[in-house]
Amino acid sequence: MIAKVYKESDIATFFNKLLEEYNIIAPKKKKQLYEFNEVNDFGEVALDYSTTILPPKKYLIPQKETLLRFTKNEIVSEEPQFKKKQVIFGIHACDLNAFLLLDKVFMDKFPCPRYVKRRRNLITIALTCNNPSETCFCESMGTGPTPSKGYDLLLTKINEEYLIESGSETGEKLVKLAKGKEASPKDFEGKKKVVELTKQKFKRRIDVRNLPDLIQKNLNHELWRLLGEVDLACGQCVLSCPTCYCFDVRDELNLSLDGGTRYKEWDACFLLEFAEVALGGNFRRDRAARVRQFMGHNLGWGGASQYNVFNGELKCVGCGRCIKTCPVGIDITEVAAVIKGEKNVSQVTALKNILANIGEKNARSI
Amino acid sequence: MTGCAGCQMEFLRLEDELLDLLKNVEISYFVMAKRVNLEGPYDAAFIEGSISTPRELNELRELREKSKILIAFGDCACTGCIPSILNWVPPAVSAKVYEDFSAIHSKKESFQRIIPLKEFVKVDIELRGCPPHKNLILEVVKSALIQRKPFLRIHPVCIECKLKENVCLLTFEGRPCMGPVTAAGCGALCPSLNRICEGCYGPMSDANAKSLAETFLNKCGLSKDDIARKFRKYSGLTSALFEEANKSYEY
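Residues numbered from 1 in each chain as written. Chains lettered and ligands numbered in written order. Predicted model: local features only at pLDDT ≥ 70, side-chain atom pairs only at ≥ 80, totals over all residues. Heavy atoms only, no water.

Student: Provide a residue-level description of empty space enclosed by the protein, including the pertinent values.
Tutor: The method is simple in principle: a probe with the dimensions of a water molecule rolls over the atoms, and the space it marks as empty is what remains. Residue and element names in this part refer to chain A. A full pass over the atoms with the stated rule returns 8 cavities of 30 Å³ or more. Of the pockets and cavities examined, the largest cavity occupies roughly 140 Å³. The wall of the largest cavity is formed by 17 residues, among which Asp231, Cys237, Phe270, Cys326 and Ile330 lie closest to the centre. Secondary structure elements with two or more residues in the lining of the largest cavity: helix H9 (236-239), helix H10 (287-299) and helix H11 (321-325). Tallied by class, the residues present in the lining of the largest cavity amount to 13 nonpolar, 3 polar and 1 charged. (1 Å grid on protein atoms, 1.4 Å probe; cavity = no way out; pocket = protein on both sides within 12 Å on 5 of 7 lines; lining within 4 Å. Points joined across faces, edges and corners; volume = space filled by probe spheres on them. Helix = DSSP H or I, 4+ residues; strand = E, 2+ residues; numbered from the N terminus. Nonpolar A, V, L, I, M, F, W, Y, C, P; charged D, E, K, R; others polar.)

In structure tokens:
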């Protein structure tokens, strides 16, 4: 491992050197939030960001991609093509850990050639998070605020300087692009302090011990039914989840009807049509069942033994996007707390209104 | 039928695709675009507008007889759309606005209501939107040609909005966006331009109107009247929004 210390101005130099050779993706400001996007100037990069609207999974699993083109006589497969290597700059530990989980889905037992190609083309320059948003809880999931593996380079801002550590051979080569001084034990102490300070900023947490088992045992908990009542099924949580990977495959015909394309696009288990089968049958017709599916997959069966893709790790990485974006304020940490028995249903924020109404009705009927 | 003819315009907006389309399709009857029109029978009929007079109803029944596939074309045909606001306007209001009803057929004749097609005849395909996006029109035409169920996603606008990575206007700005109960198809046109969704594609497949009404009430500070008006603007007649709108507001 090589570790150096860059001044802030060195980071800009480093970034510009990267720009000459690579296609760079970094967090950018968008209204009051942030998004990962292509960047052509260091001035656009918002390294003090908390979290982005959509996770960077969009660069590994595109929202919509063509799989093949067909005519009556011929089928031609489409593969991702790259002119340059892609660098994702400033990715936080939660999203990096999400990449590692997606790798298990798409690279381990049944490798997806498109995913593998994209993943191999991606260089990850991670950033220790020092600005968690109100809804973040990666610390309690063991996935942040700084990554322990999976990066090519890791930046940590310590006062006005950046500690830069390599995590791979690619990283070791990159780190030489700008001049910096050799890191000293004092700098690593500094990093430790930054991480400690960040950890104190977290407002939400999930106690993950036994959680998968408890979810399995509580499939009929009244919490699900009540959440089904407030839930809008808008699907924002699924799309903004860095580890949700469901998709749909469809054929689209040309107008001349002599050929067409087969494409793959993001789908979401929160949508009614997701579990629909022939003749209108549906395995998850109730919203409650769909809420349970999303929460259960993230906190339960993502880590349970019978669905062993994740080797016991939970699918949730604590990025907090699903909580942040939910119009009705459904909070996965509260859901976990209810399942763990740390809270009761009446303490779940999203349910307060409907519980109040039910109370009123009950009172009236008496 | 009763509508603004905007859906027909959308058909003409297929400029780039129209010539290719005509290789496989013959348009028999389209008064807005054709000089010579044929009286049928038809393989597929795109019927735009809702029913507001007995004459329209007779015409609709005739068309049903003559057509193998009947497509309710646009929101007026599917849900009543904006004209359906009439259904909640008390007669006294109309009387104040129009001194003389003689030129208004829907007022003069016995209906006095706006009613979507499926209340009278069997509708094979509902092509939603005010107007439907041209890609949806093409999907329906292509599907009809190969005798397949068209792939019309009626999941919420939020999906298309999120894919464009917009900042959620409801969550982050507390604005009363109809996205969560409205069917997609437009590509989240309005929210992408920083305007809230008005609901012009009708209710999505699993609209939770009750919860959205409560969110409007508590988070956006809307009055119950406002909520009813929002729910009734495009699809107040649909079962998904009807009850909630009525609960919130009664004349």
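Right, picking up where we left off after that structure.
Student: Kindly report on the packing of helix H2 (residues 15-24) of chain B against helix H7 (residues 134-145) of chain B, identifying the contributing residues and their values.
Tutor: All names here are of chain B. One can describe the packing of H2 onto H7 by two numbers: an axis separation of 11 Å at closest approach and a directional angle of 15°. By the criterion of interaxial angle, the relationship of H2 to H7 is roughly parallel. At the point where H2 passes H7, the crossing takes the left-handed sense. In this structure, H2 uses Glu17, Leu21 and Asn24 to contact H7, whose residues at the interface are Lys134, Leu138, Val141 and Leu145. (Axes fitted to C-alpha atoms, helices over the stretch in contact; angles between N-to-C directions. Parallel < 35°, antiparallel > 145°, perpendicular 65-115°, else oblique. Left-handed = near helix turned anticlockwise from the far one by under 90°. Contact = heavy atoms within 4.5 Å.)

Student: A description of the packing of aromatic side chains should follow, citing residues and the corresponding values.
Tutor: All names here are of chain A. According to the stated counting rule, one finds 13 aromatic pairs over all chains in the structure shown. Residue placement shows Lys57 over the ring face of Trp266; its charged tip is 4.7 Å from the ring centre. Here the basic side chain of Lys264 rests over the ring of Phe247, its NZ or CZ set 4.4 Å away from the ring centre. (Phe/Tyr/Trp six-rings, centres within 6.5 Å; stacked < 30°, edge-to-face > 60°. Lys NZ or Arg CZ within 6 Å of the ring centre and 35° of its normal.)

Student: Report on the interface of chain B and chain A, specifying residues and quantitative values.
Tutor: Contacts between chain B and chain A engage 41 residues on the former and 48 residues on the latter. Taken together, the two surfaces of chain B and chain A that pack against each other cover about 3,600 Å², and 55% of this comes from carbon and sulfur. For chain B, the biggest contributors to the area lost against chain A are Lys142(B), Lys162(B) and Glu165(B); these three give 20% of the whole. Of the charged contacts, one joins Lys58(A) and Glu165(B) as a salt bridge, the two residues approaching to 2.6 Å between their closest N and O atoms. Applying the counting criterion to the chain B and chain A interface returns 20 residue pairs in polar contact (both at pLDDT 80 or more). Among the secondary structure elements, those contributing two or more residues to the side of chain B that touches chain A are H2, H7, helix H8 (157-163), helix H9 (169-173) and helix H11 (209-219) of chain B. With 6 residues, the top contributor of residues to the side of chain B that touches chain A is H11(B). (Buried area = accessible area lost by both parts, 1.4 Å probe. Salt bridge = Lys/Arg side-chain N within 4 Å of Asp/Glu carboxyl O. Polar contact = N/O pair within 3.5 Å; in protein donor to acceptor, adjacent residues only side chain to side chain.)

Student: An account of H10(A) is requested, with residue identities and associated values reported.
Tutor: Residue and element names in this part refer to chain A. Across its 13 residues, H10 extends 18 Å between first and last C-alpha, which sits within 8% of the 18 Å expected from 1.5 Å per residue. The element H10 is extensively covered by neighbouring structure, given that 12 of its 13 residues are classed as buried. Within H10 the residues assigned to the buried category are Arg287, Ala288, Ala289, Arg290, Val291, Gln293, Phe294, Met295, Gly296, His297, Asn298 and Leu299. In the core, the buried residues of H10 are packed alongside helix H7 (211-217), helix H8 (222-230), H9, H11 and helix H12 (332-340). (Expected span 1.5 Å × (residues − 1). Buried < 20%, exposed > 50% of the residue type's maximum accessible area, 1.4 Å probe, protein only.)

Student: Summarise the sheet that holds strand S4 (residues 64-71) of chain A; cite the residues concerned and give the values.
Tutor: Residues and elements named next belong to chain A. Taken in spatial order, the 4 strands line up as S5-S4-S12-S11 in an open sheet, and their pairing is antiparallel. The open sheet has two free edges, formed respectively by strand S5 (75-77) and strand S11 (247-253), since each of these has just one partner strand. Each strand of the sheet is rotated relative to its neighbour by a mean of 20°, with strand direction disregarded. In the sheet, S4 pairs with strand S12 (residues 259-266) via 7 bridges, with the strands oriented antiparallel. Note that in S12 the partner of Thr71 across the bridge is Gly259. (Pairing = 2+ DSSP bridges.)

Student: Tell me what's going on with the pattern of salt bridges, and back it up with residues and numbers.
Tutor: Residues and elements named next belong to chain A. Considering all chains together, one arrives at 42 salt bridges over all chains under this definition. For Lys28, the salt bridge is made with Glu44, and the minimal N-O distance between the two is 2.9 Å. Of this pair, Lys28 sits in strand S2 (residues 23-30) while Glu44 sits in the loop between strand S3 (33-38) and S4, and the two are 16 residues apart along the sequence. Exposure remark for Glu44: the relative accessible area of 32% places this residue in the partly exposed category. Between Asp251 and Arg262 there is a salt bridge whose closest N-O contact spans 2.7 Å. Taken as a pair, Asp251 in strand S11 and Arg262 in strand S12 lie far apart in primary sequence, 11 residues in all. Connected via shared salt-bridge partners are Glu65, Arg114, Arg118 and Lys264.

Student: How would you sum up the nonpolar core? Please name residues and give values.
Tutor: Among the nonpolar cores identified, the biggest contains 147 residues, and Phe89(A), Ile125(A), Phe294(A) and Phe231(B) are the most heavily contacted of them. Sort the elements by how many residues they give to this core and helix H2 (residues 93-108) of chain A lands first, with 8 residues. Leu60(B), Leu63(B), Ala72(B) and Leu117(B) belong to the second largest nonpolar core, which has 14 residues in total. (Core = buried A, V, L, I, M, F, W, Y, C linked by side-chain atoms within 4.5 Å.)

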